[in-house]
Each structure stands twice: as C-alpha cells, then as structure tokens.
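# Structural description and commentary
Spelled out, the chains give:
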There are 2 protein chains.
Amino acid sequence: MCEANVYLLDEKGEEKLFLESVDKIIPVGKELCLEDIFNQRKYIKARIKEMALVDHRIVLERSID
Amino acid sequence: MCEANVYLLDEKGEEKLFLESVDKIIPVGKELCLEDIFNQRKYIKARIKEMALVDHRIVLERSID
C-alpha cells in the first residue's frame, strides 16, 4: 500500500506525527482534508511543505492567513 | 515503489499526464518542484487539487496569481 504518514511542524520546527496511513489529501477552502485508508478524516488549516512519497512522508506547516 | 503519476488539468478540465513516477513535491515560491524517481525535475506554477496516494494519482491545476 502506498499511503503516507503526515507530520505537522510544531512551533519549534519539529515534526510531530499528525495522521498515519493517509491516502487522500484534498484542499477545501483554506484547509486540507486528509483521509486515511480507514476513511477517517481530519481537517487542518495547513499547507504542504514537502512530500516524499517513496519515503511515505508528507510534512505540513500551519498556515496563518 | 510508492511514486505517483501527476496529472495537470487543462483548460477543458481534462487531466493530462504531466510527470510519471513522481517521488517528491516541494513548493518553491509560487511554483511546485516535482522530482521523479530518476531525479528528473520539473517546475510548474500550479497547486494541488487532489491527491490519492493508494491510486498513485495526484492532480494539479494551474494557479493564476
């Protein structure tokens, strides 16, 4: 399976696991809708900072505007 | 391998293959830098419309601003 783990940069610039096994990411307005392989959804006001699919790794950072 | 194929929506709203076997996507200013598993890079002024990793599918749309 080719899902990815999504990490969120905290205020110290450290990556914290936000959601595992993410299949879908869809921007909805100013938020991102993340959906994992179990169809669990999480919304977050953030933007993608970096994706490395072969490493199963996506890094988000909170957006301010 | 968990790379994805990246499609770009054309002016008719149809998906055209833009780059195959993409590993990394990194926003750089107003552009996206796409890097495939052979380290070939392509830049495009676009934003992510939809990602479906299990289907190995990422859809971009050109950004205007």
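Everything here concerns the structure above.
Small disclaimer: the values here were computed from a predicted structure and weren't measured. (Residues numbered from 1 in each chain as written. Chains lettered and ligands numbered in written order. Predicted model: local features only at pLDDT ≥ 70, side-chain atom pairs only at ≥ 80, totals over all residues. Heavy atoms only, no water.)

For the rest of this paragraph, the subject is the state of the cysteines. Taken as a whole and assessed by the stated rule, the structure comprises 1 disulfide over all chains. A disulfide bridge connects Cys-2 of chain A with Cys-2 of chain B, and the sulfur atoms are separated by 2.2 Å. Its torsion about the S-S bond being -75 degrees, the disulfide of Cys-2 of chain A and Cys-2 of chain B is classed as left-handed. Of the two residues, Cys-2 of chain A is situated in the segment before β1 (4–9) and Cys-2 of chain B in the segment before β1 (4–9); the pairing between them involves two chains. Accessibility assignment for this pair places Cys-2 of chain A and Cys-2 of chain B in one class, buried. (Disulfide = S-S within 2.5 Å. Helix = DSSP H or I, 4+ residues; strand = E, 2+ residues; numbered from the N terminus. Buried < 20%, exposed > 50% of the residue type's maximum accessible area, 1.4 Å probe, protein only.)

Let us now look at the nonpolar core. Counting residues in each nonpolar core, the largest one holds 32 residues, and the members touching the most others are Leu-60 of chain A together with Leu-60 of chain B. In this structure, Leu-60 of chain B is in contact with Val-6, Tyr-7, Leu-8, Leu-9, Leu-32, Leu-34, Ile-44, Ala-46, Arg-47, Ile-48 and Lys-49 of chain B, ignoring residues within four places of it in sequence. (Core = buried A, V, L, I, M, F, W, Y, C linked by side-chain atoms within 4.5 Å. Contact = heavy atoms within 4.5 Å.)

Between the two copies, chain B and chain A, the superposition gives an RMSD of 0.0 Å; the rotation angle is 180 degrees and the shift along the axis is 0.0 Å. Here the transformation between the copies is reduced to the relation of a two-fold axis. Scanning chain B for the C-alpha nearest the rotation axis identifies Cys-2 of chain B, at a separation of 2.6 Å. Both copies present the same face, since 100% of the interface residues in chain B are matched by interface residues at the equivalent positions in chain A. (Least-squares fit on C-alpha atoms with pLDDT ≥ 70 in both.)

Moving on, we get to the interface of chain B and chain A. Residue-level contacts link 20 residues of chain B with 20 residues of chain A. Per-residue buried area on chain B facing chain A is highest for Cys-2, Met-51 and Leu-53 of chain B; these three make up 38% of the total on that side. If you look at where chain B meets chain A, you find 0 salt bridges. For the interface between chain B and chain A, the tally reads 6 residue pairs in polar contact (both at pLDDT 80 or more). For the side of chain B that touches chain A, the secondary-structure elements that each account for two or more residues are β2 (15–28) and β5 (46–52) of chain B. Of the residues forming the side of chain B that touches chain A, the biggest block, 6 residues, is contributed by β2 of chain B. (Buried area = accessible area lost by both parts, 1.4 Å probe. Salt bridge = Lys/Arg side-chain N within 4 Å of Asp/Glu carboxyl O. Polar contact = N/O pair within 3.5 Å; in protein donor to acceptor, adjacent residues only side chain to side chain.)

What follows is about the packing of aromatic side chains. For the coordinates displayed, the defined rule picks out 0 aromatic pairs over all chains. Sitting over the ring of Phe-18 of chain A, Lys-42 of chain A keeps its end group 4.3 Å from the ring centre. (Phe/Tyr/Trp six-rings, centres within 6.5 Å; stacked < 30°, edge-to-face > 60°. Lys NZ or Arg CZ within 6 Å of the ring centre and 35° of its normal.)

Here we come to the side chain of Asp-36 of chain B. Residue and element names in this part refer to chain B. Along the chain, Asp-36 turns up in strand β3 (residues 31–36). Buried charge Asp-36 goes without a salt bridge, the closest partner of opposite sign being Lys-42 at 8.6 Å. Polar side-chain contacts of Asp-36 include one of 2.9 Å to the backbone nitrogen of Phe-38. A distance of 2.9 Å separates a polar side-chain atom of Asp-36 from the backbone nitrogen of Gln-40. Aside from chain neighbours lying at most four places away, what touches Asp-36 is Leu-19, Glu-20, Ser-21, Val-22 and Asp-23. (Lys, Arg positive; Asp, Glu negative; His and termini not counted.)

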